[in-house]
Amino acid sequence: MTEDTKFHHGDPAPSEPIIRMTNIEKHFGSVIALAGVSVDVHPGECHCLLGDNGAGKSTFIKTMSGVHKPTAGEIFFEGQPMHFEDPRDAIAAGIATVHQHLAMIPLMSVSRNFFMGNEPVRKVLGMSFFDHDHANEVTMEEMRKMGINLRGPDQAVGTLSGGERQTVAIARAVHFGAKVLILDEPTSALGVRQTANVLATIDKVRKQGIGVVFITHNVRHAMAVGDRFTVLNRGQTLGTAMRGEISQEELQDLMAGGQELVKLEGSLAGTV
Amino acid sequence: MSDAQNTATADERIKSRSRLREAMIRPELGGMIGTAIVFTLFFLFAFDSGMFSSKGVLNWSQVSAQFMIIAVGACLLMIAGEFDLSVGSMIGFAGMMIAIFSVTLGWPVWMAIIVTFILCTALGAVNGFIVIRTGLPSFIVTLAFLFILRGFTIYFPQTIERKTIIGGISDAAEGDWLAGVFGGKVFQGFFVWLGDMGWIETFSRGSREGQPVVDGIPMLIVWAIILVIVGHILLTKTQFGNWIFAAGGDAEAARNSGVPVNRVKILMFMFTAFCATVFATCQVMEFGSAGADRGLLKEFEAIIAVVIGGALLTGGYGSVIGAALGALIFGVVQQGLFFAGVESSLFRVFLGLILLAAVILNTYVRRMITGER
């Protein structure tokens, strides 16, 4: 962590953070996946979490979204200390996660996917039924807002492209009142055009005052929408930088742990 | 992501689908086609064999209803992404428990039935719990239970009564309120009336002269219809139904969306065991005895009915109505071949062929839904 001199912790944003996680540690048996990670997210900002494979990004966001309980460290949500027992608690609090490949179920319709886990119910004779009409209506409306024209709400998600699936997942999270939206490598499997669509969606979401945590290992995608950048390496935070404080090359170096990539880059003539 | 770059232009590249194709993308398709074919064939070639007389209809309805009862449980469980191979053994076990409780221990039949239901659904929960906790395929866990339960079903009566069939349940069940719910008949008055009107066959001589040959709908059929309706509504019209699809479609994605996948799966294992127990109770009340070999191979018959009904073996897709149609095809063909005087071993050939056809059709349907090529 020699870079700390110029890569200091970013200046606090003007508002209070929605979620603040300090010195989070997570051990799986003898494996230390996270060794003290601190990140906070403010409303309306896009906080990029960068790191190479195995850096602890996934473990960290799973801790944030209530899948894992941290071994040590504290989570403050809107200023209050929080303990999530399971993902439902986190979702109820307003922390929504859109996972890399695990956002949608291809065999189910868009509207069933949209309301998965949050099904609207209608009481008939004291029994609760899935309100399909309402679900279909809302789904079509929300998809139109995001610029996706569905054949119908009963269209299977499997027929959508990867970018569209991510967009459906993001629209779903926003619809259900997410205050923090965690995006786990939403662009990693996408082509150029689809990536641009997803990044545009992130921008739309941010402007609604939602705090976005954007996990990626693609520095260019991060630079396109990020307000702050935090680099993880081997389970530790290397620091947080504001937009404009750091260049694409510097971020790239940090992610790879510096030295090795410099060597590699030499032999690849700057194509990485 | 081969077409990743073309999202924005994707719309005009997708051909609008024809109504026919739209209508085809439904899980019940195979079951509907199969039912139509089977009824047409038997109408054409076996109409005067007696299978469409009131007695014949009751015969294959009853066999189909048996399949339906276990198919509903197997269907919901398969959609939730799991299998239960212990259904057949559970049927034998449940029947034997009712016999032991009521005949050997002398409990009132209603108590024997209730305790058996509690015991068997608890065993279903154990099945589910082991699958969830170990992460092993349900195929192997329930295969173990297939042997464990069958073993006990033979061991208990042999040790206690020195035989493998326990009879005398009819006497014990005489006048029991709960036994009637499983072994009784309904709409008897209606059938007498139909007989009086001359619309259905009546006995023409003997002590029951003038009474209808078919004197009511057995509770077995009522149970089948109720379970199909409840299963269908649960699956398609409720929040829990969405969770069943989600749990089987992609358990991880469902968990991430806050669906309690483990609870859903364990409940479905319990429901499958419940259905097996309903089957067993109806059978025991009808025969008046419990045998150690009851329910043999039923687990596979249930799974076949479900697959004919359009459910995917991999979970996440299927229909209770489809499974019921699969069970109907099963029952009609099995009994129809008997009525038509066809060698019964050919039934197995038919079964293998229709299973193969159904699986191939299902794969095709899945490709159409998900747009894979």
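Residue numbering note: each chain is counted from 1, following its sequence as written. Each chain is given a letter, starting from A, and each ligand a number, starting from 1, according to the order in which they appear as written. The model is predicted, so local features are restricted to residues of pLDDT at least 70 and side-chain atom pairs to those at 80 or more, both for listing and for counting; the totals for chains, interfaces and linings are taken over all residues.

### Thoughts on the confidence of the model for chain B
Residue and element names in this part refer to chain B. We count it as follows: Per residue, pLDDT captures the predictor's confidence, and it can take any value from 0 to 100. This entry defines residue contacts through backbone-placed C-beta atoms, with two residues in contact when those atoms are within 7 Å.
On average, residues of chain B score 88 in pLDDT, and 92% of them reach the 70 mark or higher. In the predicted structure, residues 1-14 sits below a pLDDT of 50 and forms 21 contacts with residues beyond four places in sequence or in another chain. The ipTM value of the predicted complex is 0.82, and its pTM value is 0.83.

### Let's talk about the interface of chain A and chain B
Put simply, the test is: The helix count covers DSSP runs of H or I at least four residues long, the strand count covers runs of E at least two residues long, and both are numbered beginning at the N terminus. Note that Gly is not counted as nonpolar here; it falls among the polar residues with everything else outside the nonpolar set of Ala, Val, Leu, Ile, Met, Phe, Trp, Tyr, Cys and Pro and the charged set of Asp, Glu, Lys and Arg.
Tallying the contact residues gives 35 residues for chain A and 30 residues for chain B. Elements with a contribution of two residues or more to the side of chain A that touches chain B: α2 (87-93), β8 (127-130), α5 (162-175) and α6 (192-207) of chain A. Element by element, the count of residues in the side of chain A that touches chain B is highest for α6(A), at 4 residues. Here the residues of the side of chain A that touches chain B sort into 17 nonpolar, 13 polar and 5 charged.

### As for the sheet that holds strand β9 (residues 180-184) of chain A
All names here are of chain A. What counts, and what does not: Whether two strands pair depends on DSSP finding at least two bridges between them. Between N-to-C directions, angles span 0 to 180 degrees; the directions come from axes that are lines fitted to C-alpha atoms, helices contributing only their stretch in contact.
Sheet architecture is open: 6 strands sit in the order β6-β9-β10-β3-β11-β12, paired in mixed fashion. Looking along the sheet, the strands with just one partner apiece sit at the ends: β6 (95-98) and β12 (236-242). Averaged over all pairs of adjacent strands, the angle between strand axes in this sheet comes to 20°, irrespective of strand direction. By the bridge criterion, 5 bridges tie β9 to strand β10 (residues 211-216) in an arrangement that is parallel. Following the sheet pairing, Leu 181 is matched in β10 by Val 212. Contacting β6 and β9, α5 crosses the sheet at an angle of about 175° to β6. Sitting on the sheet, helix α8 (residues 248-255) is in contact with β3 (46-50), β11 (228-233) and β12, with an inclination near 25° to β11.

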